[in-house]
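Reading the structure
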Amino acid sequence: AEPFPLPRDLEGRRVVVSAGGTAEPLDPVRTLGNRSSGRQGYALARVAAQRGAEVTLVAGTTADLDPPAAVELRRVQTTREMRDAVLDAAKAADVVVMAAAVSDFRPAALSVGKIKKGDEPPSIPLEFNPDILRELVTEDVPRRLVVGFAAETGDDHGSVLEYARAKLERKGCDLLVVNAVGVGKAFEVEDNEGWLLGADGTTQPLPMGSKAALAARVWDAVAERLR
Ligand code: CTP
Ligand code: CA
């Protein structure tokens, strides 16, 4: 149950949300993929629909989740399938949120037969997948808001926030949701912690909370920028 009535501030808006991981087939039984339950993307889609948006949810590999009510769900597996579905739905969209954990690489070749164990472990040549977010921000279409997600760790060369700010600039999106990744954080757990960075220079902390609460913060920031 919602503690407060939800605003209808996305009424008449079309939004696209990607969720889950992408998985690239290697042979008939194996894939190379990214680990993601899809829960954050599903929460974003559900909350957007509750706030009045017309929502397309493009879902890759996810946990066994209930499809959100009043949302068009398109299922995909590979990054290229996700790219086609997202770009197609994005044509008519006001906002695209890339919450999916997209596989950056794919095996250069798909083996028709199952790769045998053999005497030596095989080397698997990889090639780059398309960068969906980059395509969204460079595509020659009327301006729409693009929101990216990043799970970051800090190290000796920079903090989580410094890496995230650099990524926002590199990717060219309008908003970047940053999850600080550590043991037991962000992956396959119920809570997130991080920041919402704006291309306009804003940095908003996202306190520990549910994925629905984080989704509400993201849509608040989007609705403010759509006004
Ligand atoms: N993304 C995408 N297409 C890709 C890779 C990432 O659309 N091929 C999107 C993700 O959905 C996310 C954002 O880009 O919203 C940032 O993803 P991330 O993996 O953090 O960025 P990369 O540029 O791939 O950098 P790296 O993996 O090296 O940190
Ligand atoms: Ca990546």
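Residues numbered from 1 in each chain as written. Chains lettered and ligands numbered in written order. Predicted model: local features only at pLDDT ≥ 70, side-chain atom pairs only at ≥ 80, totals over all residues. Heavy atoms only, no water.

Details of the coordination of the calcium ion (ligand 2)
Note the cut-off: Listed donors are limited to N, O and S atoms within 2.8 Å of the metal, widened to 3.2 Å for Na, K and Ca; water is not among them, so incomplete-looking sites are possible. Strands are runs of DSSP state E lasting at least 2 residues, helices are runs of H or I lasting at least 4, and numbering of each runs from the N terminus.
Each protein donor to the calcium ion (ligand 2) is listed here as Asp-104 (OD) and Asp-104 (OD); together their distances run 2.4 to 2.7 Å. Looking at the secondary structure, you find Asp-104 in the loop between β6 (95-98) and β7 (105-107).

Concerning the UniProt feature "binding site: CTP" (unreviewed entry) in the protein
The line we're drawing: UniProt positions are given in the numbering used here, feature names are shortened, and annotations may be inferred rather than shown by experiment. Whether two residues are in contact is decided by their heavy atoms, any of which lying within 4.5 Å being enough. In protein, a polar contact means a hydrogen-donor-capable atom and an acceptor-capable atom, both N or O and within 3.5 Å, with residues adjacent in sequence counting only if both atoms are side-chain atoms; elsewhere, any N or O pair within 3.5 Å suffices.
Under the present numbering, the feature "binding site: CTP" (unreviewed entry) in UniProt falls on Asp-104, Lys-114, Pro-130, Asp-131, Ile-132, Leu-133, Phe-149, Lys-167 and Lys-171. Across 68 residues, the annotated set is spatially dispersed, with a maximum C-alpha separation of 37.8 Å. In contact with Pro-130, other than residues within four places in its own chain, are Thr-79, Arg-80, Arg-83, Arg-106 and Glu-135. Examined against the element boundaries, Lys-171 turns out to sit in helix α4 (residues 160-171). Other than its neighbours up to four places away in sequence, Lys-171 contacts Asp-131, Leu-133, Arg-134 and Val-137. Among the polar contacts listed, one links the side chain of Lys-171 to the side chain of Asp-131, at a separation of 2.8 Å.

Topic: the site of ligand 1
Basically, it comes down to this: Here a residue is considered near a molecule or strand provided that any single heavy atom belonging to it is located within 4 Å of it. Areas reported as accessible are Shrake-Rupley estimates using a 1.4 Å probe. Residue values count occlusion only from the protein chains shown. Residue type decides the class: Asp, Glu, Lys and Arg count as charged, Ala, Val, Leu, Ile, Met, Phe, Trp, Tyr, Cys and Pro as nonpolar, and the leftover types, Gly among them, as polar.
Around ligand 1 sit 13 residues in total, of which Met-98, Ala-100, Leu-133, Lys-167 and Lys-171 are the nearest. Between Ile-132 and ligand 1, the recorded distance is 3.0 Å, taken from a backbone N or O atom to a nitrogen atom. For ligand 1, whose free accessible area comes to 570 Å², the fraction covered by protein is 75%. When contributions to the shell around ligand 1 are tallied by element, the ones reaching two or more residues are α3 (132-138), β9 (145-152) and α4. The greatest single-element share of the shell around ligand 1, amounting to three residues, is contributed by β9. Here the shell around ligand 1 is composed, by residue class, of eight nonpolar, one polar and four charged.

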